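# Results of the structural survey
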Amino acid sequence: MPTTFHDADALTSALLAEVTRAYHPRLAEAGVIVGVLMARHSDSDKPALKHGGYAVLATMKPESAIERAKWGRDALLKIDDREWEGLGDDRREALLDHELSHIDRIDLKGDELRAAVEDGSPRWKIDDRGRPTVVAGVPPDFF
């Protein structure tokens, strides 16, 4: 098996939560749950993760409805374990910040938003399990 995956350690998960609160308040406010898997290739000379055919340090994607129900997370972050080990704290924080910028919640609009504001319910779309709906994309106030 060339690439294997394992859960991130508690420190990585805590740093992700801290970065989410500090730099991605839209995700934090909605309670978006990001699962983290560490990837390791059996050949240390080969990258554990690729995107578009190129080696990457990490990938982020929203989960499908089935994966959300099965695993209880809204998005999945995969990190190259060997590369992660070589990063300092500042670069780790920057990597997590960058990857979180690839997802966003879907806000309600029009009459749905007005109704949500009136009754105090969330201003973002939720699925049938009450979880925030997450998509790949950049938040509207990012730039």
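Quick caveat: nothing in here was measured; it's all calculated off a predicted structure.

### Things to note about the overall build of the chain
Scanning the chain from N- to C-terminus turns up 6 helices and 8 strands. For the chain, the sequential pattern of α-helices and β-strands runs β-α-α-β-β-β-β-α-β-α-α-β-α-β. By principal-axis analysis of the C-alpha atoms, the chain measures approximately 55 × 30 × 30 Å. The long-range fraction of contacts in the chain, counting pairs at least 24 apart against all pairs at least 6 apart in sequence, stands at 69%. Counting only carbon and sulfur atoms, one obtains 53% of the accessible surface of the chain, whose full area is about 8700 Å².

### Points about the packing of helix H1 (residues 10–23) against helix H5 (residues 89–100)
Packing of H1 against H5 leaves a shortest axis separation of 10 Å and a crossing angle of 60 degrees. In terms of orientation, H1 lies oblique with respect to H5. Once H1 is placed against H5, the crossing between them reads as right-handed. Contacts between H1 and H5 involve Leu15, Leu16, Val19, Thr20 and Tyr23 from the first element and Arg92, Glu93, Leu96, Asp97 and Leu100 from the second.

### Describing the sheet that holds strand E5 (residues 58–62)
Taken in spatial order, the 4 strands make up an open sheet running E1-E2-E6-E5, and their pairing is mixed. Only two strands of the sheet have a single neighbouring strand rather than two, namely strand E1 (3–7) and E5. Neighbour to neighbour, the strand axes of the sheet diverge by 25 degrees on average, direction disregarded. Pairing between strand E2 (residues 34–41) and strand E6 (residues 75–80): 6 bridges, direction parallel. Paired with Gly35 across the two strands is Leu76, which belongs to E6.

The rules we used
- Residues numbered from 1 in each chain as written.
- Predicted model: local features only at pLDDT ≥ 70, side-chain atom pairs only at ≥ 80, totals over all residues.
- Heavy atoms only, no water.
- Helix = DSSP H or I, 4+ residues; strand = E, 2+ residues; numbered from the N terminus.
- Contact = heavy atoms within 4.5 Å.
- Areas by Shrake-Rupley, 256 points an atom, 1.4 Å probe, with all protein chains shown as cover.
- Axes fitted to C-alpha atoms, helices over the stretch in contact; angles between N-to-C directions.
- Parallel < 35°, antiparallel > 145°, perpendicular 65-115°, else oblique.
- Left-handed = near helix turned anticlockwise from the far one by under 90°.
- Pairing = 2+ DSSP bridges.

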